[in-house]
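Observations on the model geometry
Listed here are the chains, written in short residue letters.
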Amino acid sequence: MAVGLVLIAAWLGYRAWGLAGSWFYFDDLAFMSRAMNQPFDAGYLFESYGGHLMPGGFVAAWLLTRWAVYDWTPWVISLLLLQAVAAVGMLRLLRSLFGPRPLVLVLLAGYLAYVFTLPAGLWWAAGINQWPLQIALVFGLHSHVAYLRTSRTRHLVATLCWTVGGLLFYEKTLLLFGIYGIVALGWFTSGNTPERLRDLWSRYRAGVVAYSVVAVAYLAIYVEYGLNFSPGDGSNQPWSPIAWNLIAVALLPGLVGGPLTWEPLTVGSFADPTQFTQLVSWFLVGALLFYAFRTRTISRRAWAPLGFTLLANVALLASARANIVGPDIAREYRYQTESGALFVLGVGLAFLPLLGAREINTERVGVPRTYERRALVLVAVAALGVAALTSDTRYVHLWQDRNPTEAYISTVRDSLAAAPDKPVPLVDTGIPQTLLWAFRYPENSYSHVFKPFADQTTYPRSSVDRLYMFDDSGNLAPVVIPPTRRMIPEVGCGYTLHGRRTTIPLDGPVIGGGWWIQIGYASPKAVSLRVTAGDDVHDLDLPKGLHNVFVQASGSFQEVTVSRYPRSSGLCVVDLTLGVPTPGAAAS
């Protein structure tokens, strides 16, 4: 236990280093935006987020946002605590399954070193899904095995509590019920398949009923609140390239310390092992499975939990994510975080007897155990550790170096602080797509993301002379309206207001929303008037002189109407341009 805890402490120190150079990214911003702008109610908690049903995660995001919006340290601490609990739970589970053996430390070292949990260890939005699943896996399986050994109700209740706790954060925790069934059938029943099923029902009827009721009830809740894609869409995407990327490209190299090399993304990376790394990993993993089969009596079933989740991962990716971004998404380890844990458990089950099981894994008589010398095992573990540390560190550097969010938010904060006139009138547009995709509207909008700066900003529907945006670096910049439509020119100054209403035709039709109009005018005196642009109506008080006024516009129209002005105003519309606002040169 002491050595195991030292290993965990060292691993947490490494993860803390990785998190120290990380920051909020993408879904983190969306989570904070939701927490700052939505009421804390059932709608907030049970909204489907990218197909995820995660009320527990939204509670955590709401609490941390209220406490530390854009303050990374408390979010880091929460992520490290989850990882610490999962790691201690894995050590506890391994000791419970196999006893205090040296191989338990080997298996723990593999679990800690593998890259599978690293993306979720650096990105809070991913970690708040994945680490509760890891915790539910190790503690739930521990309680489940205790129930199988003793048939005591308290262990059954504990298993359900851990599993339901995981389901509050991540719907994929539902797969644990399949793992529980595999362990029960494989090690705590005997005979052929029908006999095992009868034995399972006879011995563990209460567990079968309880697990089934909870699984079916949760599935019904998920279909009602979380399912926002069609499972039938899985037939639209070929499974073979997804399975190839998930298993041959990502999983197997990862199991031997890979992938060593990465394909960088905007932030994060896809596994991109060389062909040599892939071939070596296929050979080594295949040799391990064959050696276990040659030397142990019931090793093959040990890989069933991992095989079950891999099949589920392929199906899930085919029906959801791969339909949007293609089969390469399977090279993202975030979609098989549990694989490292299930592989080390599989190695233990393939080589060691499961304590208290009805069917015991034993060594085959007369078969030499050539590759189990302690020195050889230590060399293999050291080599895997060096390779895994190399893979992990390269991933961490790519993650840290390519995340633009902290610099952007810091520049926004400094730009607003330096603005001479406050509040600063802003177009309520979206932050750059590299930080949060526009499909998360309105969570990506300035008014939502920059809620902490509400005392320094305003989001008017119209503004005279002053209207700003942020450029892609976060610098405050005056708005420029690139001309999608212009007014049809008039001879003289332009359109002088006369009569009760002045109509200014555009050089083409307008449809939709998100438009702004820049009206340049000259007036000998201050004037009050109304501007109508499609569905938007603006009552304005305009100062005298030569000015620009910006107004929002939406709907279907081909002219702008000015009305409700005094007959002798003398105001002349010199120029009128409609378009989507863009930032000009950064404001000084």
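Residues numbered from 1 in each chain as written. Predicted model: local features only at pLDDT ≥ 70, side-chain atom pairs only at ≥ 80, totals over all residues. Heavy atoms only, no water.

Some words on helix α11 (residues 193-203)
Taken residue by residue, α11 has Arg-196, Asp-199 and Leu-200 as its buried positions. The arc that holds the buried residues of α11, viewed along the axis, is 100°, so those residues lie on one side. Relative to its buried face, α11 has exposed residues pointing more than 90 degrees away, namely Arg-198 and Ser-202. The secondary structure elements touched by the buried residues of α11 are α10 (176-187) and α12 (205-225). (Buried < 20%, exposed > 50% of the residue type's maximum accessible area, 1.4 Å probe, protein only. Helix = DSSP H or I, 4+ residues; strand = E, 2+ residues; numbered from the N terminus. Arc of directions from axis to C-beta. Contact = heavy atoms within 4.5 Å.)

Details of the sheet that holds strand β7 (residues 476-480)
The three strands are arranged β6-β7-β17 in an open sheet whose pairing can be described as antiparallel. Two strands in the sheet have a free side with no partner beyond their single neighbour: β6 (468-470) and β17 (582-583). (Pairing = 2+ DSSP bridges.)

Digging into the sheet that holds strand β13 (residues 536-542)
Ordered in space as β10-β15-β12-β13, the four strands form an open sheet in which the pairing is antiparallel. Only two strands of the sheet have a single partner each, and these edge strands are β10 (501-510) and β13. Sheet twist, expressed as the mean angle between neighbouring strand axes with direction ignored, is 20°. As paired strands, strand β12 (residues 527-533) and β13 are joined by seven bridges and run antiparallel to one another. If you follow Arg-530 over to β13, its bridge partner there is Asp-539. (Axes fitted to C-alpha atoms, helices over the stretch in contact; angles between N-to-C directions.)

Brief notes about the nonpolar core
Counting residues in hydrophobic clusters, the biggest one holds 151 residues, and the most contacted among them are Trp-124 and Phe-450. The leading source of residues in this core is helix α8 (residues 124-150), at 15 residues. Sequence-distant contacts of Phe-450, that is, excluding residues within four places in its chain, are made with Tyr-408, Ile-409, Val-412, Ile-431, Tyr-459 and Phe-470. Among the nonpolar cores identified, the runner-up in size contains 27 residues, and Tyr-495, Val-531, Ala-533 and Leu-542 belong to it. (Core = buried A, V, L, I, M, F, W, Y, C linked by side-chain atoms within 4.5 Å.)

A closer look at the packing of α10 against helix α15 (residues 304-319)
How two helices pack is summed up by the angle between their axes together with the distance between the axes. Closest axis-to-axis distance for the α10/α15 pair is 9 Å, and the angle between their directions is 150°. Here α10 lies roughly antiparallel to α15, going by the angle between them. Crossing geometry of α10 relative to α15 is assigned as right-handed. Contact residues: α10 offers Gly-178, Ile-179 and Ile-182, while α15 offers Ala-304, Pro-305, Phe-308 and Thr-309. (Parallel < 35°, antiparallel > 145°, perpendicular 65-115°, else oblique. Left-handed = near helix turned anticlockwise from the far one by under 90°.)

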